[in-house]
Amino acid sequence: MHFLLKLLLCLSILYINMASSSSHRKQLEKGFVGGIEDEKQNPVDENVLQKHAAFFDLNKDGLIYPSETYQAMREIGSGRMLATAAAVFINGALSQVTRPGKPPSPLFPIEVKNIKLAKHGSDSGVYDSEGRFVESKFEEIFIKHAHSHPNALTQDELDEFIKSNRDPKDTHGSTGGFVEWKVLYQLAKDKNGLLQKETIRGVFDGSLFEVLKKEHSKTINSTKL
């Protein structure tokens, strides 16, 4: 997915972590963002990238407008400024990309069915060209780069992984990949400096959005008591 979307997601995670409960913080220290700790299997024919984007399509009409991006970001715990920035940058960057052959729209809609067109280069290949989750590519990350722990990456191992994906001729994709992974590491590493496998999976398969939404809802309800 476009690195701006992932970057803003990671920033929203930071916002939530800063305001999270002590129990949620302990979950993060174990290496599970939002409590994601179950082994999930994603069939290769499932378009998880589209599912990932569909979280923002609040009325499920196949289009994501800036107002929906804003509201969805608020639902996962983002502050008003971050949610506004997300609406501006995400829709501004992805609207025309996902609407090939159509004239620019002043409403900046994103077409969910075409979200695969926002996929950048120099990536891991965990998303294929159709936006499907490729389990073998996901496992390959740890087979090749998890030298110290079988289900986690150290900072040096993550740097090795990022470098292995880099295409010298693809400045945009390489920059996007570097930013999204480094930000994710800084925000989601555990107390031992490890980026856990299931934390990474939660970002790829989109399950993290719903987890964050539930966590934020719990926080709001607890403050009302």
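Residues numbered from 1 in each chain as written. Predicted model: local features only at pLDDT ≥ 70, side-chain atom pairs only at ≥ 80, totals over all residues. Heavy atoms only, no water.

A word on the overall build of the chain. Within the chain, the regular secondary structure consists of 10 helices and four strands. Counting from the amino terminus, helix and strand elements in the chain follow one another as α-α-α-β-α-α-β-α-β-α-α-β-α-α. Taken over 225 residues, the chain has a buried fraction of 49%. Within the chain, contacts between residues at least 6 apart in sequence are counted, and of these 64% link residues at least 24 apart. Carbon together with sulfur atoms contributes 57% to the accessible area of the chain, which is approximately 11,000 Å² in total. (Helix = DSSP H or I, 4+ residues; strand = E, 2+ residues; numbered from the N terminus. Buried < 20%, exposed > 50% of the residue type's maximum accessible area, 1.4 Å probe, protein only. Contact = heavy atoms within 4.5 Å. Areas by Shrake-Rupley, 256 points an atom, 1.4 Å probe, with all protein chains shown as cover.)

One finds F138, I141, L158, W181, L195, I200 and F204 to be the most contacted residues of the largest nonpolar core, which totals 40 residues. Sorting the residues of this core by element identifies α3 (48–54), α4 (66–75), α5 (80–94), α6 (135–145), α7 (155–165), α8 (171–188), α9 (197–205) and α10 (207–224) as the ones contributing at least two each. It is α5 that contributes the most residues to this core, five residues altogether. (Core = buried A, V, L, I, M, F, W, Y, C linked by side-chain atoms within 4.5 Å.)

Counting across every chain of the model gives eight salt bridges. Of the charged contacts in the structure, one is a salt bridge between E140 and K137, with a shortest N-O distance of 3.8 Å. Here K137 and E140 lie together in helix α6, a separation of three residues that amounts to about one turn. When the shortest N-O distance is used, the salt bridge between E139 and K197 registers 2.7 Å. Of the two residues, E139 sits in helix α6 while K197 sits in helix α9, which places them 58 residues apart along the sequence. Within the structure, one salt-bridge network assembled from shared partners comprises E135, E139, K197, E198 and R201. (Salt bridge = Lys/Arg side-chain N within 4 Å of Asp/Glu carboxyl O.)

Attention shifts here to the environment of A118. Mapped onto the fold, A118 is located in the loop between β2 (110–111) and α6. With a relative accessible area of 5%, A118 lands in the buried category. Sequence separation of A118 and L94 is 24 residues, and the distance between their C-alpha atoms is 6.5 Å.

Contact geometry for α6 and α9: axes closest at 11 Å, N-to-C directions at 145°. As α6 runs across α9, the sense of the crossing is right-handed. Each of E135, F138, E139, I141 and F142 in α6 lies in contact with α9, whose residues at this interface are K197, I200, R201 and F204. Within the contact of α6 with α9, the residues separate by chemical class into five nonpolar, no polar and four charged. (Axes fitted to C-alpha atoms, helices over the stretch in contact; angles between N-to-C directions. Left-handed = near helix turned anticlockwise from the far one by under 90°. Nonpolar A, V, L, I, M, F, W, Y, C, P; charged D, E, K, R; others polar.)

Glancing now at the packing of aromatic side chains. One pass over the full model with this rule turns up three aromatic pairs. A cation sits over an aromatic face here: K197 above F142, 5.5 Å from the ring centre. (Phe/Tyr/Trp six-rings, centres within 6.5 Å; stacked < 30°, edge-to-face > 60°. Lys NZ or Arg CZ within 6 Å of the ring centre and 35° of its normal.)

Okay, unusual backbone geometry next. Despite not being glycine, K60 shows a phi value in the positive range, around 55°. Locating K60 in the fold gives a position in the loop between α3 and β1 (63–64). Given the relative accessible area of 57%, K60 is considered exposed. In this model, F108 sits at a positive phi of 50°, which is unusual for a non-glycine residue. The topology assignment puts F108 in the loop between α5 and β2.

As a further point, take α4. Of the residues making up α4, those classed as buried are E68, T69, A72 and M73. Burial along α4 is one-sided: seen end-on, the buried residues are contained in an arc of 130°. In the stretch just after α4, G77 is the one whose phi turns positive, near 105°. (Arc of directions from axis to C-beta.)

Turning to the confidence of the model for the chain, a few remarks are in order. The predicted model of the chain averages 75 in pLDDT, with 69% of residues at 70 or higher. Note that residues 12–46 has pLDDT below 50 and, in this model, 74 contacts with residues that lie over four places away or in other chains. (pLDDT = per-residue confidence, 0-100.)

Bringing α6 into the picture now. When α6 is considered as a whole, its buried residues turn out to be E135, F138, I141, F142 and H145. Each buried residue of α6 sits inside an arc of 145° when the element is viewed along its axis, so together they form one side. Against β3 (152–153), α7 and α9 lie the buried residues of α6.

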